[in-house]
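# Working through the structure, step by step
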Amino acid sequence: MTPGAARRRPGVVPAVLPRAFYAGDPVVVAPLLLNKLLVRSDRVGGDRVGGDRVGRIVEVEAYRGSEDPASHAFAGPTKRNTVMFGPPGHLYVYFTYGMHWCANAVCGPAGTGHAVLLRALAPLSGLEAMRGARRAGTADRHLTSGPAKLCQAFGITSDENGADLVTGDHGLTVVDDGMAPPSDPGVSGRIGIRRAADRPWRWWVPGDPHVSRGRPGPAS
DNA sequence: CTATAGATGCCCT
DNA sequence: GGGCATCTATAGC
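Residues numbered from 1 in each chain as written. Chains lettered and ligands numbered in written order. Predicted model: local features only at pLDDT ≥ 70, side-chain atom pairs only at ≥ 80, totals over all residues. Heavy atoms only, no water.

### With respect to the side chain of R53
In plain terms, the rule: Here a helix means four or more residues in a row that DSSP labels H or I, a strand means two or more in a row labelled E, and each is numbered from the N terminus. A 3.5 Å cut-off defines polar contacts: any pair of N or O atoms within that distance qualifies, except that in protein one atom must be a possible hydrogen donor and the other a possible acceptor, and neighbouring residues in sequence count only when both atoms are side-chain atoms. The contact criterion used throughout is that any non-hydrogen atoms of two residues lie within 4.5 Å.
Structurally, R53 is set in strand β5 (residues 53-64). Here A153 takes part through its backbone oxygen, which lies 3.0 Å from a polar atom of the side chain of R53. Beyond its immediate chain neighbours, meaning those up to four positions away, R53 contacts L38, V39, R40, D42, S125, G126, A129, M130, A153, F154 and G155.

### Points about the protein's contact with DNA strand B
Stated formally: In this text, near means that some heavy atom of the residue lies within 4 Å of the molecule or strand in question. Three categories are distinguished: nonpolar for Ala, Val, Leu, Ile, Met, Phe, Trp, Tyr, Cys and Pro, charged for Asp, Glu, Lys and Arg, and polar for the others, with Gly belonging to the last.
For DNA strand B, the full set of nearby residues is T78, K79, R80, F95, Y97, G98, M99 and R213. The sugar-phosphate portion of DNA strand B accounts for 62% of its atoms within 4 Å of the protein, the bases making up the rest. G98 has a polar backbone atom sitting 3.4 Å from a sugar or linking oxygen of DNA strand B. In this structure, R213 approaches DNA strand B through a side-chain N or O atom, which is 2.5 Å from a phosphate oxygen. For the surface near DNA strand B, the per-class residue count stands at 3 nonpolar, 2 polar and 3 charged.

### Here's the deal with the packing of aromatic side chains
Test applied: Any two rings among Phe, Tyr and Trp, with Trp reduced to its six-membered ring, count as a pair given centres within 6.5 Å; such a pair is stacked if its planes are under 30 degrees apart, edge-to-face if over 60, and tilted if neither. For each residue, the accessible area found with a 1.4 Å probe, counting protein chains only, is set against the maximum for its type, and the residue is called buried under 20%, exposed over 50%, and partly exposed in between. Should the NZ of a Lys or the CZ of an Arg lie within 6 Å of a ring centre and within 35 degrees of the ring normal, that charge is described as sitting over the ring.
Considering all chains together, one arrives at 3 aromatic pairs under this definition. When the centroid spacing of 5.5 Å and the interplanar angle of 75° are considered together, the rings of F21 and Y22 count as edge-to-face. The class of Y22 is buried, set by a relative accessible area of 0%. Centre to centre, the rings of F95 and W101 are 4.8 Å apart; their planes meet at 55°, and the pair counts as tilted. Positioned above the aromatic ring of Y63, the side-chain terminus of R190 is 4.6 Å from the ring centre.

In structure tokens:
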């Protein structure tokens with residue numbers, strides 16, 4: 001069987017990112033996550049169910065814990081942000097606007113509350129599973145072009161809060177298939193926040209049509 | 001294509 | 001009770 005869903009490239013073995021990858025500062029880790037793959041492999045009793053859902057990460061934002069007024073971790077540990085203060089490499093999922101879920105990779109040393117928000121993916125595999133029943137008519141371009149959209153496409157809810165992206169205990173991993181991050185990523189202020197909106201901590205893959213609709217250029 | 005309004009519930013002060 | 005790390009439908013160019 002083919003291990004993982006990533007299509008093999010010559011000379012490259014797709015590899016799940018190790019925990020050490022996430023242990024750095026989120027301002028460094030975030031742009032390095034560009035062009036990595038988010039993979040969901042659903043299994044029941046050890047048997048694979050359906051095809052993997054795979055998307056390439058094309059937009060991210062860094063949130064820098066207690067030093068960042070825009071971070072959910074800014075005011076210290078609470079019931080909601082518990083996972084952020086745990087070890088890196090886990091998924092922090094939060095609920096917002098009464099109806100949407102968003103997902104972050106916890107970064108930095110345990111206890112810092114650092115994280116990287118996954119804002120957009122380019123869908124590669126399992127698009128029909130991503131559409132599901134609720135989004136049957138959704139065009140490819142709009143399936144995962146936003147932080148809440150990608151969670152819906154991948155079925156990420158509170159059940160996945162705390163999922164370990166390194167062990168894949170919830171079927172979710174981040175995989176390096178050998179594509180390097182862009183050498184000159186787009187940079188701007190973060191989207192949809194009011195505090196610390198000027199910090200240039202959003203990065204995207206230039207020219208990718210799946211980048212979310214936000215501020216066009218660098219923070220103005 | 002852009003702009004705007006409304007949905008809707010949880011967390012935290 | 002205020003404020004959301006958003007999305008979709010709809011109206012108007």
